[in-house]
Amino acid sequence: MAGSPPPLWGVANPFVCLQDIDREGLRVRKAFLFIGLLSIIWLTACGQPSTGTSTPENQPPVESQTTPQPETPDMKQELQPVKIALSVDNLVFTPIFVAREKKFFEEEGLEPQFLSLEGGGTTVQALVGRSIDFAGASGGTVVLGHSQGNDSIVNVANIVGKATLQVAMRKQLVDELQLTLETPILDRIQALRGRVFGITSPGSASDSTLLFYLEKAGVDESEVKKVAVGSGAGLVAALKQGQIDAFHTSPPNPQITELEGYGQVIISAGEVPGLDKIVYDGLITRKDIIDEKPELVKAVVNAIVRGINFTHDHTEETIELMKKIFPNTDPRLVERGVQSLLDAWPRDGLQDRTDWENTLALQQDTESIGATIPSIEEGIMWTNQFLR
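The rules behind the values
Residues numbered from 1 in each chain as written. Predicted model: local features only at pLDDT ≥ 70, side-chain atom pairs only at ≥ 80, totals over all residues. Heavy atoms only, no water. Helix = DSSP H or I, 4+ residues; strand = E, 2+ residues; numbered from the N terminus. Buried < 20%, exposed > 50% of the residue type's maximum accessible area, 1.4 Å probe, protein only. Contact = heavy atoms within 4.5 Å. Areas by Shrake-Rupley, 256 points an atom, 1.4 Å probe, with all protein chains shown as cover. Pairing = 2+ DSSP bridges. Axes fitted to C-alpha atoms, helices over the stretch in contact; angles between N-to-C directions. Core = buried A, V, L, I, M, F, W, Y, C linked by side-chain atoms within 4.5 Å. Expected span 1.5 Å × (residues − 1). Parallel < 35°, antiparallel > 145°, perpendicular 65-115°, else oblique. Left-handed = near helix turned anticlockwise from the far one by under 90°. pLDDT = per-residue confidence, 0-100. Salt bridge = Lys/Arg side-chain N within 4 Å of Asp/Glu carboxyl O. Phe/Tyr/Trp six-rings, centres within 6.5 Å; stacked < 30°, edge-to-face > 60°. Lys NZ or Arg CZ within 6 Å of the ring centre and 35° of its normal.

K.L.:
What exactly am I supposed to notice about the overall build of the chain here?
P.N.:
Across its full length, the chain holds 16 helices and 10 strands. Sorting the 388 residues of the chain into buried and exposed places 47% on the buried side. Excluding contacts between residues fewer than 6 apart, the proportion of contacts in the chain whose partners are at least 24 apart in sequence is 80%. Within the structure as shown, the chain displays about 19200 Å² of accessible surface, and the carbon and sulfur contribution to it stands at 50%.

Written out as structure tokens, the structure reads:
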């Protein structure tokens, strides 16, 4: 019975009817006196009508089982639902995976629902269409949206602060072209001329970064056939089946092709100048959510920033978590992937004007921009207000 007083006189429950006592076999002669003492309680406990008298001074009141109990601090907190979609399913979003596995979202009062969509463009479309509340996607999609007149999206944290893509090419083609990581970078980019190159989706980081590569090496966009495949796993499968000649994603997908023998990495992360200190992948939301639910934005940002900082402060534990999340990937590749990405995750998720200046320049260089050049001042495409 909720709220019942502690047992009295050594009896588990004195508030019972006499016939219950009979059924329990308590027929000891010496019990008569004891039962007499209980009779006063029995008159009330067996459903006798109230006489309107007050509760005896030394006896605590008996609470009904239906009486609602006051909420206590240790009771489970009601969690606020939130939908978060990621543009790719690879190690680049390790900080978010960490936050999920360590229950940082729940500790911030959230009940997260995670979705994996196919590419940054698709993910941001879902955000604009109000199917989700937050998107983990390329900062370039924010620039593109604002340049096309859609100023409803805002980046509220920088998750990946430099390009992390690595290009994997079919092993047979690499051998034919005699390419290695020692081959001059421009020659390796020019080797993409006339090839079928897989991206996640139009307007995604994989799309704009490819165009940036080609522009640097003097290769016209029309000389490379782009195929939108979707997820990282889809790109790996397409390369294995010979449907594409090359693709790029963050680890571990390029390394998987090497391990399985049908691909080889020909361009490593950060080799192409101009792709560091940018908002490569950020946490994007809508202005109406910022205006109407600032506490929700703050909670999501807090959880993800805790995930970012955890990867730096507890790298070995992070690696073990990622091995569980990617059980079909060779553990050695997971470890190498996390270690190679550490310096891409900016502590505290901070972003600045230079990050957005470089992100804008990347979109302009690749002509992945609309008619309007958006402002890079804080408060328009991006804000740190939830990071302070």
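K.L.:
Could you clarify how one ought to interpret the sheet that holds strand 3 (residues 134-137) in this entry?
P.N.:
Strand pairing in a sheet relies on backbone hydrogen bonds, with the paired strands running either antiparallel or parallel. Here 5 strands make up an open sheet; going across it, the order is 2-1-3-10-4 and the pairing mixed. Since the sheet does not close on itself, it has two edges, and those belong to strand 2 (110-116) and strand 4 (153-162), each with one partner. Each neighbouring strand pair of the sheet contributes to a mean axis angle of 25°, computed without reference to strand direction. For strand 3 and strand 10 (residues 276-286), the ladder comprises 3 bridges, and the chain directions are antiparallel. Looking across to strand 10, one finds that A137 is bridged to G282. Each of strand 4 and strand 10 is contacted by helix 16 (residues 353-365), which is oriented at about 95° to strand 10, the strand it contacts most.

K.L.:
What should I look at first to understand the nonpolar core in this one?
P.N.:
In globular proteins that are soluble, nonpolar side chains generally tend to be buried together. Of all hydrophobic cores here, the largest spans 73 residues; its most connected members are F134, L283, V300 and M322. Contact partners of V300, with chain neighbours within four places excluded, come to V82, I84, F105, L110, F134 and L283. In terms of nonpolar packing, the next biggest core, distinct from the first, is built from 17 residues, A85, I132, W356 and L360 among them.

K.L.:
Mind showing me how you'd approach helix 9 (residues 205-217) here?
P.N.:
Since one α-helical turn is 3.6 residues long, residues separated by three or four positions face the same way. In this model, helix 9 (13 residues) spans 18 Å end to end at C-alpha, consistent with the 18 Å of a helix rising 1.5 Å per residue. The buried fraction of helix 9 amounts to 11 of the 13 residues, a majority that puts the element mostly inside the structure. When helix 9 is considered as a whole, its buried residues turn out to be A205, S206, D207, S208, T209, L210, L211, F212, Y213, L214 and A217. Two residues or fewer after helix 9 comes G218, characterised by a positive phi angle close to 75°.

K.L.:
Explanation requested: the sheet that holds strand 5 (residues 166-170) in the structure shown.
P.N.:
The strand order across the open sheet built from 5 strands is 7-6-8-5-9, with neighbouring strands paired in mixed fashion. Each edge of the open sheet carries a strand with a single partner, namely strand 7 (225-228) and strand 9 (263-267). Going across the sheet, the axis of each strand differs from the next one's by a mean of 30°, ignoring polarity. Two elements, strand 5 and strand 8 (residues 246-249), share 4 bridges in a ladder whose sense is antiparallel.

K.L.:
Sorry if this is basic, but what is going on with the packing of helix 9 against helix 16 here?
P.N.:
Relative orientation and spacing of two packed helices are given, respectively, by the angle between their axes and the distance between those axes. Relative to each other, helix 9 and helix 16 sit at 70°, their axes nearing to 8 Å. One finds that helix 9 runs roughly perpendicular with respect to helix 16. Crossing of helix 9 against helix 16: the hand is left-handed. Together, S208, F212 and E215 of helix 9 and L362, Q363 and D365 of helix 16 make up the contact between the two elements.

K.L.:
What exactly am I supposed to notice about the confidence of the model for the chain here?
P.N.:
Caution is warranted with low-pLDDT regions, since their predicted coordinates should not be read in detail. Per-residue pLDDT for the chain has a mean of 82; in total, 80% of the residues score no lower than 70. Here residues 1-75 is modelled with pLDDT under 50, and outside its nearest four sequence neighbours on either side it reaches 32 contacts, counting other chains as well.

K.L.:
Explanation requested: the pattern of salt bridges in the structure shown.
P.N.:
All chains considered together, the criterion is met by 19 salt bridges. Of the charged contacts, one joins K171 and D175 as a salt bridge, the two residues approaching to 3.0 Å between their closest N and O atoms. Residue K171 and its partner D175 are located together in helix 7 (residues 171-177), separated by 4 residues, close to a single helical turn. For K171, a relative accessible area of 29% gives the class partly exposed. Put simply, D330 and R332 hold a salt bridge, and the shortest N to O gap is 2.6 Å. Within the structure, one salt-bridge network assembled from shared partners comprises E107, E108 and R306.

K.L.:
I keep staring at the packing of aromatic side chains and nothing clicks. Help me out?
P.N.:
By convention here, two paired aromatic rings are described through the distance between centres and the angle between planes. For the coordinates displayed, the defined rule picks out 3 aromatic pairs. When the centroid spacing of 6.0 Å and the interplanar angle of 70° are considered together, the rings of F97 and F326 count as edge-to-face. With F97 in helix 3 (residues 94-101) and F326 in the loop between helix 14 (315-325) and helix 15 (331-341), this pair connects stretches of sequence that are 229 residues apart. The side chain of R100 reaches across the aromatic face of F114, ending 5.9 Å from its centre.

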